[in-house]
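The chain contents come next:
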Amino acid sequence: MTETLYTEEELILKKTIRDFVNIELTPVVAENDRTGNFPSKPIKDLSGLGIYGIGIDESYGGVGGNSQQSSIVVEEIARVCAASSVTYIAHHSLAMYAIHKFGTKEQKKRFLPSMVNATTLGAFCLTEPATGSDAAGIETTATYINNEYLLNGTKTFITNGSIAEIYIVFAKTHQEKGTKGINAIIVDKSKSKGIDTQFLDGKMGLRSSDTSQIFFTDVKVPQENLLGKDGDGFKIAMSVLDSSRISVAAQAVGIAQGALESALSYSKIRKTFGQPISNLQSIQFMLADMSTRINAARLMTRHASQLKDQGFQYTKEASEAKLFASECASYCADKAVQIHGGYGYFQPSYAERAYRDAKVTEIYEGTSEIQRLVIARQILKDA
Ligand SMILES: Cc1cc2nc3c(=O)[nH]c(=O)nc-3n(C[C@H](O)[C@H](O)[C@H](O)COP(=O)(O)OP(=O)(O)OC[C@H]3O[C@@H](n4cnc5c(N)ncnc54)[C@H](O)[C@@H]3O)c2cc1C
């Protein structure tokens, strides 16, 4: 099926990423998960494969390409290391995408080239301690004074929050205007005073990724760092999340695929009652259910990418793909643990890590409940 699903060029991309990940991430992933060590070198070295430039114009250092290609990249990284894949998603599918889609030429020239080669990493700063799903309720303020924005507030659960240089920060400028009073502002950490970060310890999964709280205290940002027009921030956030949900769906497919592969190989070597457990119908049925769901999730992800790449509306399909793929990842990780028996309950089994990594795909970039709201709203509107 893979051969008919992908073009020749995409198969080469898939193999290139798989080879890199197998050499650079497979040997260190379990230990990084145990210690929380961030894999800086592989993350930087991945830039040599051009993956941060996918979907970015050549004039800004990119390599062109589309969402189908970045989905392949995300799936292949997540198949081995979900933590590295979320680093990629936050940097590429959220922060870089926001600048590329909504930035001025000058902003793109200023920020994108160093992000393409991963000299600077990006982060997307929407969630706050008191508000996640209800993004319109953010309390961070961007007060406009003398051609500058003065940022005050706290963002939390921000992927790459401590290590990123470039933040896309959502903040309220016009309190009375509701969602139309929100701005999206590019903050260059190296040029700003008043930013503090706090790494958030104790994550269930994705343990070698950076998730942090960011404190903005009277941070001055020049007016030219406004993304889009005054008041466009909420629209920008929703549009970027629509797009990035395809990446989270691909990430979930990758985690599920890794879980299936680990369960398959273990089932062939583990013997009970004198035969490999892969001979048992109950194990075969679990493997069959995993495989079926993964194929469905991958096709849904691919379809959402194709709609996006061809310029069609894709909000519903991106949400459906993210909803289905994330639940598929949790399902497959659960079955992989079951197939591994007691060994699946212990580190450093892939199944144990996948079980912890998969869960968050049902939470971030819109929980499964929020995806159902988005899908229901769309189908009722179209009915
Ligand atoms: C590891 C990790 C990385 C993250 N990275 C980022 C990042 O890079 N940038 C960023 O901005 N955020 C990030 N987040 C935050 C993430 O997007 C939020 O956690 C998520 O949107 C949910 O928000 P919340 O945690 O405030 O939960 P809440 O919004 O408080 O939701 C709590 C529960 O209520 C349900 N609920 C809420 N509203 C409704 C409703 N209207 N109808 C039905 N059910 C509802 C939710 O589904 C959930 O079950 C990250 C989170 C994690 C865990």
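None of these values were measured; they are calculated from a predicted model.

1. Description of the overall build of the chain
Here comes step 1: Broken down by element type, the chain carries 12 helices and 10 strands.
Here comes step 2: In summary, the chain has a C-alpha radius of gyration of 21 Å against a globular reference of 21 Å for 383 residues, a match within 12%.
Here comes step 3: Expressed along its principal axes, the backbone C-alpha trace of the chain runs to roughly 80 × 50 × 40 Å.
Here comes step 4: Looking at the chain as a whole, 56% of its 383 residues are labelled buried.
Here comes step 5: Of the contacts formed within the chain by residues at least 6 apart in sequence, a portion of 75% connects residues at least 24 apart.
Here comes step 6: Carbon and sulfur atoms make up 54% of the accessible area of the chain, which amounts to about 16,900 Å² in all.

2. Points about the pattern of salt bridges
Here comes step 1: Inspection of every chain in the model, using the stated rule, returns 21 salt bridges.
Here comes step 2: Across the pair Lys-14 and Glu-76 runs a salt bridge whose closest N-O atoms are separated by 2.8 Å. Here Glu-76 lies in helix H5 (residues 67-80) and Lys-14 lies in helix H2 (residues 8-24), a separation of 62 residues in the sequence.
Here comes step 3: Lys-14 sits in the buried class, given a relative accessible area of 11%.
Here comes step 4: Ionic pairing is found between Glu-327 and Arg-372, a salt bridge with its closest N-O pair at 3.2 Å. Note that Glu-327 is positioned in helix H10 (residues 315-340) and Arg-372 in helix H12 (residues 368-382), a separation of 45 residues in sequence.
Here comes step 5: Because the salt bridges share partners, they merge into one network encompassing Lys-14, Arg-18, Glu-75, Glu-76 and Arg-298.

3. Quick notes on the environment of Phe-157
Here comes step 1: Here Phe-157 is to be found in strand S3 (residues 148-159).
Here comes step 2: Residue Phe-157 is classed as exposed on the basis of its relative accessible area, which comes to 58%.
Here comes step 3: Distance from Phe-157 to Gln-213, taken between C-alpha atoms, is 5.9 Å for residues 56 residues apart in sequence.
Here comes step 4: Leave out the neighbours within four places in its chain, and Phe-157 touches Thr-127, Leu-200, Thr-211 and Ser-212.

4. Examining the domain arrangement of the chain
One widely used convention gives an interface's size as the accessible area the parts lose upon coming together.
Here comes step 1: Partitioning the chain into domains gives domain 1 (2-121), domain 2 (123-233) and domain 3 (240-382).
Here comes step 2: Between the C-alpha centres of domain 1 and domain 2 there is a distance of 23 Å.
Here comes step 3: At the interface, 25 residues of domain 1 touch 21 residues of domain 2.
Here comes step 4: Each partner contributes to the roughly 1,900 Å² buried at the junction of domain 1 and domain 2, and carbon and sulfur atoms together form 68% of this total.
Here comes step 5: Along the contact surface separating domain 1 from domain 2 lie 0 salt bridges.
Here comes step 6: At the level of elements, helix H3 (29-35), helix H6 (82-102) and helix H7 (105-116) are the ones that each hand at least two residues to the side of domain 1 that touches domain 2.

5. Details of the nonpolar core
Here comes step 1: Core analysis: the largest hydrophobic core is formed by 113 residues, its most contacted members being Ile-51, Phe-124, Leu-151, Tyr-167, Ile-168, Phe-170 and Met-290.
Here comes step 2: With 16 residues, the single largest contributor to this core is helix H8 (residues 233-269).

6. With respect to the site of the ligand
Here comes step 1: Within the structure, the ligand sits among 17 residues, and Thr-127, Ser-133, Phe-157, Thr-367 and Glu-369 are positioned closest to it.
Here comes step 2: Phe-124 is positioned with one of its backbone polar atoms (N or O) 2.8 Å from a nitrogen atom of the ligand.
Here comes step 3: Phe-157 is positioned such that a nitrogen or oxygen atom in its backbone is 2.7 Å from a nitrogen atom of the ligand.
Here comes step 4: In terms of residue class, the shell around the ligand is built from 9 nonpolar, 5 polar and 3 charged.
Here comes step 5: Shared between two domains, the shell around the ligand holds at least three residues of each, these being domain 2 (123-233) and domain 3 (240-382).

What counts and how
Residues numbered from 1 in each chain as written. Predicted model: local features only at pLDDT ≥ 70, side-chain atom pairs only at ≥ 80, totals over all residues. Heavy atoms only, no water. Helix = DSSP H or I, 4+ residues; strand = E, 2+ residues; numbered from the N terminus. Rg over C-alpha atoms; globule rule 2.2 N^0.38 Å. Buried < 20%, exposed > 50% of the residue type's maximum accessible area, 1.4 Å probe, protein only. Contact = heavy atoms within 4.5 Å. Areas by Shrake-Rupley, 256 points an atom, 1.4 Å probe, with all protein chains shown as cover. Salt bridge = Lys/Arg side-chain N within 4 Å of Asp/Glu carboxyl O. Domains from an automatic or database assignment. Buried area = accessible area lost by both parts, 1.4 Å probe. Core = buried A, V, L, I, M, F, W, Y, C linked by side-chain atoms within 4.5 Å. Near = heavy atom within 4 Å. Polar contact = N/O pair within 3.5 Å; in protein donor to acceptor, adjacent residues only side chain to side chain. Nonpolar A, V, L, I, M, F, W, Y, C, P; charged D, E, K, R; others polar.

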